[in-house]
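Residue strings, one per chain:
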Amino acid sequence: GVRELAAATGVDRTTTSKVLRRLAAWRVMRVERVGRAVAATLVDVTRLLDRWSAAYDWTRNPALAVHAPVGDPRRFLARLPASLTGHRWALTLQAGASLLAPHAAWDRIHVYLDVSEAQDLAEVARHASWRPALDGTLVLLQPYYRTTVWDGVRAVHGLPVVSPVQLLLDLWQYP
């Protein structure tokens, strides 16, 4: 119901109710009155992801591509924690997906970094001796949404990877 959903998400009931109505209009959720309460049921996960990914695009995250001594991407991932010591970070896109379900060859590593300003990405790169380059094989990303990218980050083979939901949203429109 609205009250329980609002309490679980920390969002006020009025906003929660408006969101549920919008999701129902998009035929993502079924919202029914049960007495004085409202019951909400997710009915179309694919439609939800389509709507969500239409509003979210990973390319809106401020980014800095750099030349880093990647070589074999898997070996580089093992060395990455030493280069990012002191920073909260998590893998996303193909690098993150490859740790969950190896699926294809990839050569570009995307990393969310918890930095205050986009300019801080350059400082992290400079500290690691990575040079900015448009065709760089390591892409440092400042999260567009300051907090949600960190929800559900977990270690996979000792490396932080964004949540499956975040990974799916990032990959949904990735070329």
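Right above here is the structure, for reference.
Residues numbered from 1 in each chain as written. Predicted model: local features only at pLDDT ≥ 70, side-chain atom pairs only at ≥ 80, totals over all residues. Heavy atoms only, no water.

### Some words on the packing of aromatic side chains
- Tallying each qualifying case throughout the model produces two aromatic pairs.
- Relative to Tyr174, the ring of Trp58 has its centre 5.5 Å away and its plane inclined at 50 degrees; by these criteria the two rings are tilted. In this pair, Trp58 is assigned in the loop between helix H3 (45-55) and strand S3 (63-67) and Tyr174 in the segment after helix H7 (164-172), connecting sequence segments 116 residues apart.
- Summarising the aromatic geometry, the rings of Phe76 and Trp130 are spaced 6.3 Å apart at their centres and angled 55 degrees between planes, so their arrangement reads as tilted. (Phe/Tyr/Trp six-rings, centres within 6.5 Å; stacked < 30°, edge-to-face > 60°. Helix = DSSP H or I, 4+ residues; strand = E, 2+ residues; numbered from the N terminus.)

### Here's the deal with the layout of surface pockets
- Taken as a whole, the largest pocket encloses approximately 550 Å³ of empty space.
- In this structure, the largest pocket is lined by 16 residues; those nearest its centre are Trp52, Tyr145, Thr148, Val165 and Leu169.
- Tallying contributions element by element places H3 first for the lining of the largest pocket, with four residues.
- The residue makeup of the lining of the largest pocket, split by class, is nine nonpolar, four polar and three charged.
- Each pocket or cavity is described by its volume, and for the second largest pocket that value is around 320 Å³.
- Contributing to the lining of the second largest pocket are 13 residues, with Val2, Arg33, Arg36, Ala37 and Val38 lying nearest its centre.
- Only helix H1 (2-9), helix H2 (13-25), strand S1 (29-34) and strand S2 (37-42) provide two or more residues apiece to the lining of the second largest pocket.
- In terms of residues, the lining of the second largest pocket owes the most to one element, H2, which gives four residues.
- Counted by class, the lining of the second largest pocket contains five nonpolar, two polar and six charged residues. (1 Å grid on protein atoms, 1.4 Å probe; cavity = no way out; pocket = protein on both sides within 12 Å on 5 of 7 lines; lining within 4 Å. Points joined across faces, edges and corners; volume = space filled by probe spheres on them. Nonpolar A, V, L, I, M, F, W, Y, C, P; charged D, E, K, R; others polar.)

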